Amino acid sequence: MITLANITGSAPKRVLPGFGLSLGISLTFVSLMLLLPMTSLFGQLSGISLAEYWRIITDGRVVASYIVTIGAAAVAALVNAAFGLLLAWVLVRYDFPGKRLLDALMDLPFALPTAVAGITLATLYSSNGWMGRLLDPLGIQVAYTWVGIALAMAFTSIPFVVRTVQPVLEDLPNEVDEAALTLGASDATAFRRVILPHLWPALVTGTGLAFVRSLGEFGAIIFIAGNAPYETEITALMIFVRLQEYDYVGASAIASVVLAVSLALLLAINIWQGRFIKRLHGGRG
Amino acid sequence: MSIRLTNIAKTFGRTQALEPINLDIHDGELVGLLGPSGSGKTTLLRIIAGLEQADAKPAGRIQFGERDVTQVHVRDRRIGFVFQHYALFRHMTVFDNVAFGLTVMPRKERPSSGEIRARVHRLLEMVQLEDFAKRYPAQLSGGQQQRVSLARALALRPDVLLLDEPFGALDAKVRQELRRWLRHLHDELNFTSVFVTHDQEEALELSDRVVVMSNGRIEQIDTPEALYRAPANRFVFEFLGDVNRLEGDVRDGVLTCGDARLAVSELDDGREELLLRPHELKLADAPSDAAQLPVTVTSISPIGAEVRVELEADWLPAPWLATVRHADFERLAISRGQRLYAIPRRWHRFDDATAKPRQATAA
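What counts as what
Counting starts from 1 at the beginning of each chain's written sequence and moves along it residue by residue. Naming scheme: in the order in which they are written, chains are lettered from A and ligands are numbered from 1. Side-chain atom pairs in this predicted model are given and counted only at pLDDT of 80 or more, local residue features only at pLDDT of at least 70, and totals for whole chains, interfaces and linings cover all residues. Each side-chain value is worked out from all heavy atoms of the structure, with water and hydrogens disregarded. Helix and strand assignments come from DSSP, with helices taken as H or I runs of at least 4 residues and strands as E runs of at least 2, each series counted from the N terminus. The rule is simple: take the accessible area with a 1.4 Å probe, protein chains only, and divide by the maximum for that residue type; under 20% is buried, over 50% is exposed, in between is partly exposed. Pairing between two strands is assigned when DSSP locates at least 2 bridges connecting them. Think of each axis as a best-fit line through the C-alpha atoms, taken over the contacting stretch in the case of a helix, with angles from 0 to 180 degrees between the N-to-C directions. Should an angle lie under 35 degrees it is considered roughly parallel, over 145 roughly antiparallel, and from 65 to 115 roughly perpendicular; all remaining angles are considered oblique. For a crossing to be left-handed, the near helix must be turned anticlockwise from the far one by less than a right angle; the clockwise case is right-handed. In this analysis, two residues are considered to be in contact whenever any of their non-hydrogen atoms come within 4.5 Å of each other. Side-chain classes are defined by residue name, with Ala, Val, Leu, Ile, Met, Phe, Trp, Tyr, Cys and Pro counting as nonpolar, Asp, Glu, Lys and Arg as charged, and the others, Gly among them, as polar. Patch membership is restricted to residues that have no salt bridge and whose relative accessible area is over 30%. Joining uses 9 Å for like charges and 5 Å for the nonpolar side chains Val, Leu, Ile, Met, Phe, Trp and Tyr. Surface accessibility follows the Shrake-Rupley procedure with a 1.4 Å probe radius. Residue values consider only the protein chains on display as shielding. Salt bridges are defined by distance alone: a side-chain nitrogen of Lys or Arg within 4 Å of a carboxyl oxygen of Asp or Glu. Per the annotation, domain bounds derive from an automatic or database assignment of domains. Throughout, the accessible surface (probe 1.4 Å) given up by two parts as they are put together, summed over both, is called the buried area. Here, nonpolar core means buried Ala, Val, Leu, Ile, Met, Phe, Trp, Tyr and Cys residues that are tied together by side-chain atoms lying within 4.5 Å of each other. Each Phe, Tyr or Trp ring (for Trp, its six-membered ring) is paired with any other whose centre lies within 6.5 Å, and the angle between the two planes then decides the class: stacked below 30 degrees, edge-to-face above 60, tilted in between. For a lysine, the NZ atom is tested; for an arginine, the CZ atom; a charge sits over a ring if that atom is within 6 Å of the ring centre and within 35 degrees of the ring normal.

Further remarks concern unusual backbone geometry. The peptide bond linking Lys57 of chain B to Pro58 of chain B adopts the cis configuration, its omega dihedral lying at -5 degrees. Residues other than glycine seldom take positive phi values, yet Tyr246 of chain A does so here, at roughly 60 degrees. Tracing the backbone shows Tyr246 of chain A in the loop between helix H13 (235-244) and helix H14 (248-280). Residue classification places Tyr246 of chain A among the exposed positions, given a relative accessible area of 64%. Despite not being glycine, Ala87 of chain B shows a phi value in the positive range, around 50 degrees.

Laid out in structure tokens, this is it:
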């Protein structure tokens, strides 16, 4: 039977209400909050030639800052991957007094203004701070070196790993590792071959998010980094310096590099993870 | 491999999940642990497996044959364990799941990869899943997943196979099929198996012997026939099937309850409660000499080979259930609202104080 809806080609009514309205509001929000600032960033860049752009982003001091930032962020992300996994494990698998408190503590880096964290870390690790005084005689310098930068990055990004791994671990029934044990696997083998593969996508995503977050971190790092040119300057500082000099175009150019790297990484993780999840849920691997 | 449990007890915090238990399971036997939830049956199974530790006091013992495994870790007990929700490794193919136990063996004992492949394919053939070796668990149905889990548990040729509500998560038809198939497999491979279930039909159909448990205690251990015919106490009787109750005063060998009367010459005077199975009730147009139990039919449901008829009467606090054969059903032309007479072929009575059963066959 031909109805009016068929003739006009309008879609059949959806069962779930509010699709048009909710999608519309979502897209408007995303446009205003995310896309508009990004567009203006690229708008700034339209004033310069490609050669000029290339010259700005490959300036020696800026390149040195890329290396410092990426290196420190990588170290911070790897450290967080290990300890974040451990923390998530402890929070999910065991019961102990103070568990709720530890759980709440995980979100502290999100809640704390990053500048406060930065000042606190700098005070602690400077040569006359509590930790600095202990480490100094051993010849370990944390404040004003790249170690300090990595430390500040690790502080601000630890929740990403914990909070992405935690729910996945909660979904993994105890029975699965019990099954591995009844089949004769050692604890280490059971972890490596049964538990870790399950957590792997979440762990990689969490580590990736932590890494990307560290790339853009500014407040927490700036007080502990020392900011010596070519040695402990991070990319975010280079952007800040350009802005101080009213060089908006230069700032935007460097910012676009950070943005591009972050976006590419997030996209790659998403695609890779999608494939893995599909296998778990029954699609062809 | 026989299993012998001596004095096995378990407390969780302050609740006693298992009172000290002794249990002997013979070599090659298929034993069902049957009980309502919270009866301690799963705890007992997990203690046999080594997934749970029995209490240190009283010092219990678990023996597999001559081997004392009380202190042996689960991975060295040589058991196969099948979980209710399969617990398959979802990131591995069916093949890798079944091969897991073989591939994690210490390098010296591990079979060659060719031999592993051959063994896994034999196992998959046995569970009729040869064509599914490359699939992932999420691509299989529940019944297929449980078969994979069984093949995985059998890959190491365990002495003892333990199954925790293995068919609990499956639908009735698949459950029926897997049950028969497990029985067949058990008879063919001749391992010793213990399985947990809360489904009395499953326990009675599958087991050589059934261990009935409640509240952390073993109520009775017997063959399915003996269990049904001679239940040790009221709990076992009530748990193994539907029960009709008849409560009344006995005087001079006749039990009276409202306008219902039943000759019970064996009983002394006093208040009594009798229990009757639905299939032990006959329905008739007229009362018999021994029984005058007028009832009204309130609902009729033909289920398979028999018809279940629900009966009510003003002298009955709770409705009765009678199962009649189709032939009788048609002869009496039973319809809803019809008045009939129930005639017990047999009744049971449990003395709560001694928990000793008494039964009588009514004339």
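Residue and element names in this part refer to chain B. Strand order in the open sheet made by the four strands is E2-E1-E4-E5, with antiparallel pairing throughout. Where the open sheet ends on each side, the last strands, each with one partner, are strand E2 (15-25) and strand E5 (67-68). By the bridge criterion, seven bridges tie strand E1 (residues 3-12) to E2 in an arrangement that is antiparallel. Its bridge partner lying in E2, Phe12 is registered against Thr15.

The next subject is the packing of helix H4 (residues 142-154) of chain B against helix H5 (residues 172-189) of chain B. Residue and element names in this part refer to chain B. Two elements in contact, H4 and H5, have axes separated by 11 Å at closest approach and are oriented at 20 degrees. With respect to H5, the axis of H4 lies roughly parallel. Our pair here, H4 against H5, has a crossing hand that is right-handed. Between H4, through Gly143, Gln146, Arg147, Leu150 and Leu154, and H5, the contact on the second element is made entirely by Val174, Leu178, Trp181, Leu182, Leu185 and Leu189. Each residue belonging to the contact of H4 with H5 can be placed in one class, and the counts come to eight nonpolar, two polar and one charged.

Residues and elements named next belong to chain A. On the surface, Phe29, Val30, Leu32, Met33, Leu34, Leu35 and Leu36 cluster together into a nonpolar patch covering about 700 Å² of accessible area. Position of Leu36 among the secondary structure elements: in helix H2 (residues 19-45). Note on Leu36: relative accessible area 52%, which makes it exposed.

Residue and element names in this part refer to chain B. Segmentation of chain B into domains returns domain 1 (3-239) and domain 2 (244-361). Of note, the centres of domain 1 and domain 2, computed from C-alpha atoms alone, are 40 Å apart. Counting each side, the surface lost to burial between domain 1 and domain 2 is near 1000 Å², with a carbon and sulfur contribution of 49%. The partner of Arg245 in a salt bridge is Glu238, and the shortest N-O contact between them spans 2.8 Å.

Our next topic: the interface of chain B and chain A. If you look at the interface, chain B gives 26 residues, while chain A gives 25 residues. Taken together, the two surfaces of chain B and chain A that pack against each other cover about 2400 Å², and 60% of this comes from carbon and sulfur. The largest share of the area that chain B buries against chain A comes from Arg75, Arg90 and His91 of chain B, three residues that together contribute 29% of it. Our enumeration of links across chain B and chain A arrives at two salt bridges. Between Glu178 of chain A and Arg46 of chain B there is a salt bridge; the shortest N-O distance is 2.7 Å.

Before going further, it helps to examine the nonpolar core. Residues and elements named next belong to chain B. With 55 residues, the main nonpolar core has Leu44, Phe89, Phe100 and Leu162 as its most contacted residues. Setting aside residues up to four positions removed in sequence, Leu162 forms contacts with Leu45, Ile48, Ala49, Ile79, Gly80, Phe81, Val82 and Val194. If you look at the next biggest cluster of nonpolar residues, it comprises 35 residues, including Val94, Val148, Leu154 and Leu182.

The next subject is the packing of aromatic side chains. Residues and elements named next belong to chain B. Under the counting rule described, the total for this entry stands at eight aromatic pairs over all chains. The interplanar angle of 10 degrees and the centroid separation of 5.6 Å between the aromatic rings of Phe235 and Phe239 together place this pair among those described as stacked. Of this pair, Phe235 and Phe239 both sit in helix H8 (residues 234-239), four residues apart, which is roughly one turn of that helix. Judged by centre distance (5.4 Å) and plane angle (50 degrees), the rings of Phe237 and Phe350 are tilted. Highlighted residues: Phe237 in helix H8 and Phe350 in strand E21 (residues 346-351), separated in sequence by 113 residues. Looking at Phe237, the relative accessible area reads 0%, which means it is buried. Phe350 sits in the buried class, given a relative accessible area of 8%. The side chain of Arg152 reaches across the aromatic face of Phe89, ending 4.6 Å from its centre. A cation sits over an aromatic face here: Arg277 above Tyr228, 4.9 Å from the ring centre.

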